[in-house]
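Here's the letter readout for the chains.
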Amino acid sequence: MEFREGERLVLELDDGWVTDYGKAVLTDRRLIFTKGEDTTLEINLKHIGKVHSEVSFLGVVSMKIRIFGGQVFKVTFKCEGPKAILGSSYTMPKQKEITRRWVDTIDRLLPG
């Protein structure tokens, strides 16, 4: 993945974890999701109105990203590595921790 001039890496998704959109990378300007060499979703941080976590009735924690204009992206972090065999006693608390870290970091980077 190539960064734009002056852009710096802020956060990468832990090994063994993915989202529906693929691997997640956060820079000081963009949130980027990739599968292999392909970018599946790219969100400029200037376009994000709000980011927060949300818990489903099954206890699954997701990150909700609201874009100015009303579009909403739901991002759920999923364990697909060898640690997935440890079951929900490992994956659920880790999912909550990862989601909180990403929400808090994106929120700090939002303009204004």
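Going by the structure above, here's the rest.
Note that the coordinates shown come from a computational prediction; the quantities given were computed from them, not determined experimentally.

Further remarks concern the side chain of Thr99. Structurally, Thr99 is set in helix H1 (residues 88-109). According to the relative accessible area criterion, Thr99 is buried, its value standing at 0%. Among the polar contacts made by the side chain of Thr99, one reaches the main-chain carbonyl oxygen of Gln95 at a distance of 2.8 Å. Once residues within four sequence positions are removed from consideration, Thr99 is found in contact with Ser53, Val61, Ser62, Met63 and Phe77.

Leu31, Met63, Ile65, Trp102 and Ile106 are the most contacted members of the largest nonpolar core, which has 24 residues in total. At the level of elements, strand E3 (23-27), strand E4 (30-35), strand E5 (38-44), strand E6 (48-55), strand E7 (61-67), strand E8 (72-75) and H1 are the ones that each hand at least two residues to this core. In this view, Trp102 contacts Leu11, Glu12, Leu13, Ala24, Val25, Leu26, Leu31, Met63 and Phe77; residues no more than four positions away in its chain are not counted.

Okay, the pattern of salt bridges next. The final tally for this structure, using the stated rule, is nine salt bridges. When the shortest N-O distance is used, the salt bridge between Glu42 and Arg4 registers 2.8 Å. Here Arg4 lies in the segment before strand E1 (9-12) and Glu42 lies in strand E5, a separation of 38 residues in the sequence. A relative accessible area of 36% means that Glu42 is categorised as partly exposed. For the salt bridge of Lys94 with Asp14, the shortest nitrogen-to-oxygen distance reads 3.4 Å. Residue Lys94 is found in helix H1, and its partner Asp14 is found in the loop between E1 and strand E2 (17-18); the two are separated by 80 residues along the sequence.

Criteria and thresholds
Residues numbered from 1 in each chain as written. Predicted model: local features only at pLDDT ≥ 70, side-chain atom pairs only at ≥ 80, totals over all residues. Heavy atoms only, no water. Helix = DSSP H or I, 4+ residues; strand = E, 2+ residues; numbered from the N terminus. Buried < 20%, exposed > 50% of the residue type's maximum accessible area, 1.4 Å probe, protein only. Polar contact = N/O pair within 3.5 Å; in protein donor to acceptor, adjacent residues only side chain to side chain. Contact = heavy atoms within 4.5 Å. Core = buried A, V, L, I, M, F, W, Y, C linked by side-chain atoms within 4.5 Å. Salt bridge = Lys/Arg side-chain N within 4 Å of Asp/Glu carboxyl O.

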